[in-house]
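# Coordinate analysis (summary)
Residues per chain are reported as follows:
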Amino acid sequence: MLLINANLATLDGSDAYGLIQDGAIWIRGGRILWAGYHDRMPDEARDQEALDLDGRLVTPGLVDCHTHIVHGGDRASEFESRQQGATYEEIAKAGGGIISTVRDTRRASSDELLASALSRVDESLAGGVTTLEIKSGYGLDIDTELKMLRVAREIARQRPVRIKATFLGAHAVPAEYAGKADMYLQDVCLPALEQAHAEGLVDAVDGFCENIAFSADQIRTVFEKASQLNLPVKLHAEQLSRIGGTQAATAYRALSCDHLEYSSKSDIDAMAQAGTVAVLLPGAFYFLRETKLPPIALFRNRGVDMALATDCNPGSSPLTSMLLCMNMACTLFGLTPAEALAGATMNGAKALGLDDVGCIRAGNYADLAVWDVGHPAKLSYLIGSTPLHMRIFEGEIA
C-alpha cells in the first residue's frame, strides 16, 4: 500500500505533532517501510499503485491503554443515585460499585460477555482506535477472571485490533472475603494470576490501591508474584486519596500509574526516575464530578509522559470515544491538543510497553487513522464528532 497526498502527524518529528505536509507512507508486510515528504519518496515506491488521500490527516492509530471493556451488566441505577447525592464510596460500601458488576459478570456466559464487549469495541474502533488494553477484575474468583481474559483474547481474533490483556485480580475484595483481603489474595488472586500466566492470557498485572480496595503492602504482594512471572505491572493509584500506591508501583518500575489526582511531588519524582507513564482518565474525573485535578504542571516539569485512556467501565466511565477523551483532557485538565494526541498515541503505547505502534516511522506496524480534517488540533477541538475517514490495521483497510 502507498498512501499519498496526506498531511502526516507522525509524532516522530521536531515539532509537537511531527507534521509533514504533502506526505506519503509506503507500507509492506503490515509495517511502515518508509514515511516522509512525497517529493523525497524512494524510487521503488513510485512504481506502486497509490491511494490518494486528498489532503486528509493521517495519525497513528489511537491507543486506549486503560479499559475495563469486558464486563456484565451496567450501573445506570448507581448513576441515578449519585445524581441524588450519594458518593462513589458510599455506593461501594452499600454493596454497589465494583461488587455489583462482579455479580453480573460472574452470571454472564463467555458468549454473553463477548457479545456485549464487541459492541463497545466496535464503537472504539469507529473512533480510530487500533490498540486496546482490556483488564480483568470483575470476576474476583479464579474461573471468572480467566473467563474475562479468554474473552479479551477472543476479541483480537474477531476484530482487527491489537489487544493487550491485563490481570486485575486485585481490583476489589469480593463479598465472600469481606474483611479478609489478605486471604483473598492468597486463595484467589495469586493462584488466578499463576493460571492466567500459564495459559498465556496475561500481558501485564494491575491493581487498585485505595482505601476501598487494597493497601500498598497488599499491592506489593501481587507485584512480587508478577515479578516472579516476569510480567510488567501498572497500578490504579492516588485516585481518591493518597495511600502510597505510586511509590509501591515505581519500586517495580511500573509501566504506568493511572488516575493520580492525589499524587504528590515525591510520587512524580519517583515516576520520572522509574520511567513510569502517567495515564490520565478524564472520563472518570468527569463522570464522578471530581474536583481534585491531577498535577499536570508537575508531570510536565519532571518530564513524565502523559497518556490518555477512556477507562471504559460501567461504574465510573462508560466512555468508548478516545476523541472525546482528548477533548476532556484539554478542557478539564488543561492539556494542549498536541499533548492530547501524543497521549492517545505515542504515550499510550509506552504505557503498554509497546515500541512498534503509536507513531508513524519506518519499522512500526502500519496501524493508522485517516481523518476528514486537515490539522491534528481539530481532533481535540471537536465535541461528539467522529471524523474518521479510514482505519488501517497492519497495512489493511479495516
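Numbering of residues begins from 1 in every chain and follows the order in which that chain's sequence is written. Whole-chain, interface and lining totals are the exception, using all residues; otherwise, since this is a predicted model, local features are given only for residues with pLDDT of at least 70 and side-chain atom pairs are given and counted only at 80 or more. Side-chain numbers here rest on the full set of heavy atoms in the structure, without hydrogens or water.

The name an unreviewed UniProt entry gives the chain is Imidazolonepropionase, with Hyphomonas atlantica as the organism. UniProt positions are given in the numbering used here, feature names are shortened, and annotations may be inferred rather than shown by experiment. Per UniProt, the chain carries the Sequence similarities (unreviewed entry) text "Belongs to the metallo-dependent hydrolases superfamily. HutI family." According to its UniProt record, the chain has this under Pathway (unreviewed entry): "Amino-acid degradation; L-histidine degradation into L-glutamate; N-formimidoyl-L-glutamate from L-histidine: step 3/3."

### Let's talk about the packing of helix 4 (residues 110-126) against helix 5 (residues 142-158)
Lines are fitted to the C-alpha atoms to define the axes, a helix being fitted only along its stretch in contact, and any angle between axes, read from their N-to-C directions, falls within 0 to 180 degrees. Per the convention used, a helix needs a DSSP run of H or I reaching at least four residues, while a strand needs a run of E reaching at least two, with both numbered from the N terminus. Running from amino to carboxyl end, helix 4 crosses helix 5 at an angle of 50 degrees, the nearest separation of the two axes being 10 Å. The pairing of helix 4 with helix 5 is recorded here as oblique in orientation. Handedness of the helix 4/helix 5 crossing: right-handed. Between helix 4 and helix 5, the contacting residues are Ser 110, Leu 113, Leu 114, Ala 117, Leu 118 and Val 121 on the first element and Lys 147, Val 151, Glu 154, Ile 155 and Gln 158 on the second. For the contact of helix 4 with helix 5, a count of residues per class yields 7 nonpolar, 2 polar and 2 charged. Orientation is classified from the angle alone, with under 35 degrees giving roughly parallel, over 145 giving roughly antiparallel, 65 to 115 giving roughly perpendicular, and any other angle giving oblique. Left-handed describes a crossing whose near helix is turned anticlockwise from the far helix through less than a right angle; right-handed describes the clockwise counterpart. The contact criterion used is simple: two residues touch if any of their non-hydrogen atoms lie within 4.5 Å. Gly is put with the polar residues, along with every residue not named as nonpolar or charged; the nonpolar set is Ala, Val, Leu, Ile, Met, Phe, Trp, Tyr, Cys and Pro, and the charged set is Asp, Glu, Lys and Arg.

### Considering the confidence of the model for the chain
Where the model shows low pLDDT, its predicted coordinates should not be examined in detail. Mean pLDDT for the chain: 96, with 100% of residues reaching 70 or above. Highest mean pLDDT in the chain belongs to strand 6 (residues 62-64) (99); lowest belongs to helix 2 (residues 88-93) (77). A score from 0 to 100, pLDDT tells how confident the predictor is in each residue.

### Considering the side chain of Asp 311
You can see Asp 311 is positioned in the loop between strand 13 (306-308) and helix 12 (322-333). To sort residues, take the accessible area from a 1.4 Å probe on protein chains only and compare it with the maximum for the residue type: under 20% means buried, over 50% means exposed, and anything in between is partly exposed. Think of it this way: Lys and Arg go in the positive column, Asp and Glu in the negative one, and His and the chain ends go nowhere. Any carboxyl oxygen of Asp or Glu that lies within 4 Å of a side-chain nitrogen of Lys or Arg is treated as forming a salt bridge with it. Buried charge without a salt bridge: Asp 311, with Lys 135 as the nearest opposite-charge side chain at an N-O distance of 7.1 Å. Each polar contact in these results corresponds to two N or O atoms within 3.5 Å; when the atoms are within protein, one needs to be able to donate a hydrogen and the other to accept it, and residues that are neighboring in sequence are counted only if both atoms are side-chain atoms. A polar side-chain atom of Asp 311 sits 3.2 Å from a polar atom in the side chain of His 68.

### Examining the UniProt feature "binding site: 4-imidazolone-5-propanoate" (unreviewed entry) in the chain
Here the UniProt feature "binding site: 4-imidazolone-5-propanoate" (unreviewed entry) sits at Arg 75, Tyr 138, His 171, Gln 239 and Ser 316. Checking the annotated residues one by one, the ones that line the largest cavity turn out to be Tyr 138, His 171, Gln 239 and Ser 316. Assignment of secondary structure puts His 171 in the loop between strand 8 (162-170) and helix 6 (181-198). When neighbours within four sequence positions are excluded, His 171 is seen to be in contact with His 68, Ile 98, Gly 137, Tyr 138, Leu 140, Phe 208, Ala 213 and Phe 214. Buried and open spaces are told apart on a 1 Å grid over the protein atoms alone, a cavity being a set of points where a 1.4 Å probe fits but cannot get out and a pocket being an open set with protein on both sides within 12 Å along at least five of seven lines. Residues with an atom within 4 Å of a point are the lining residues.

### What about the packing of aromatic side chains?
Ring geometry is summarised as follows: Phe, Tyr and Trp rings, the Trp one being its six-membered ring, pair when their centres sit within 6.5 Å, and such pairs are stacked at plane angles under 30 degrees, edge-to-face over 60 and tilted between the two. As enumerated under the stated definition, the model contains 5 aromatic pairs in all. With centroids separated by 5.1 Å and ring planes inclined at 80 degrees, the aromatic side chains of Phe 285 and Phe 333 adopt a geometry described as edge-to-face. Taken as a pair, Phe 285 in helix 10 (residues 282-287) and Phe 333 in helix 12 lie far apart in primary sequence, 48 residues in all. This pair shows no difference in class: Phe 285 is buried, exactly as Phe 333 is. Any Lys NZ or Arg CZ found within 6 Å of a ring centre and within 35 degrees of that ring's normal is scored as a charge over the ring. Against the face of Tyr 365 rests Arg 162, its NZ or CZ located 4.0 Å from the ring centre. Just above the ring of Tyr 262 sits the side chain of Lys 292; from NZ or CZ to the centre is 5.7 Å.

### Some words on the layout of surface pockets
Of the pockets and cavities examined, the largest pocket occupies roughly 260 Å³. Lining the largest pocket we find 16 residues, and of these Ala 92, Ile 99, Ala 172, Val 173 and Ile 212 sit closest to its centre. Elements with a contribution of two residues or more to the lining of the largest pocket: helix 2 and helix 3 (98-107). With 3 residues, helix 2 is the single largest residue contributor to the lining of the largest pocket. Grid points are joined across faces, edges and corners, and a volume is the space filled by probe spheres set on the points. Estimates place the volume of the second largest pocket at around 180 Å³. Lining the second largest pocket are 15 residues, with His 71, Asp 74, Asn 313, Pro 314 and Pro 318 positioned closest to its centre. Secondary structure elements with two or more residues in the lining of the second largest pocket: helix 1 (76-83) and helix 4. Grouping the constituent residues of the lining of the second largest pocket by class yields 7 nonpolar, 4 polar and 4 charged.

### Some thoughts on the domain arrangement of the chain
Just so you know, the domain bounds were taken from an automatic or database domain assignment. Each assigned domain of the chain is listed here: domain 1 (2-60 + 359-397) and domain 2 (62-352). Distance between the C-alpha centres of domain 1 and domain 2: 30 Å. If you look at the interface, domain 1 gives 26 residues, while domain 2 gives 23 residues. Together, the buried faces of domain 1 and domain 2 total about 1900 Å²; carbon and sulfur atoms form 64% of this surface. Accessible surface is computed with a 1.4 Å probe, and the buried area is the amount of it that two parts give up when combined, taken over both parts together. If you sort the residues of domain 1 by the area they bury against domain 2, Leu 11, Ser 380 and Arg 391 come out on top, with a joint share of 33%. The interface formed by domain 1 and domain 2 contains 2 salt bridges. Notably, a salt bridge pairs Arg 162 with Asp 367, separated by 2.7 Å at the nearest N-O pair. Our count for the domain 1 to domain 2 interface comes out at 7 residue pairs in polar contact (both at pLDDT 80 or more). Within the residue set of the side of domain 1 that touches domain 2, elements represented by two or more residues are strand 5 (57-60), strand 14 (368-371), helix 15 (377-381) and strand 15 (388-393). The class makeup of the residues in the side of domain 1 that touches domain 2 is 19 nonpolar, 4 polar and 3 charged.

### Focus: empty space enclosed by the protein
Over the atoms, a rolling probe the size of a water molecule traces out where space has been left empty. Tallied over the full model, the rule gives 1 cavity of 30 Å³ or more. Considering only enclosed or pocket space, the largest cavity measures out at about 110 Å³ in volume. Along the wall of the largest cavity there are 13 residues; nearest its centre are His 68, Tyr 88, His 171, His 236 and Ser 316. A class-by-class count of the residues in the lining of the largest cavity yields 4 nonpolar, 8 polar and 1 charged.

### Section: helix 3
Within the span of helix 3, buried status applies to Ile 98, Ile 99, Ser 100, Thr 101, Val 102 and Thr 105. Contacts from the buried residues of helix 3 go to helix 1, helix 2, helix 4, helix 5 and strand 9 (204-209).

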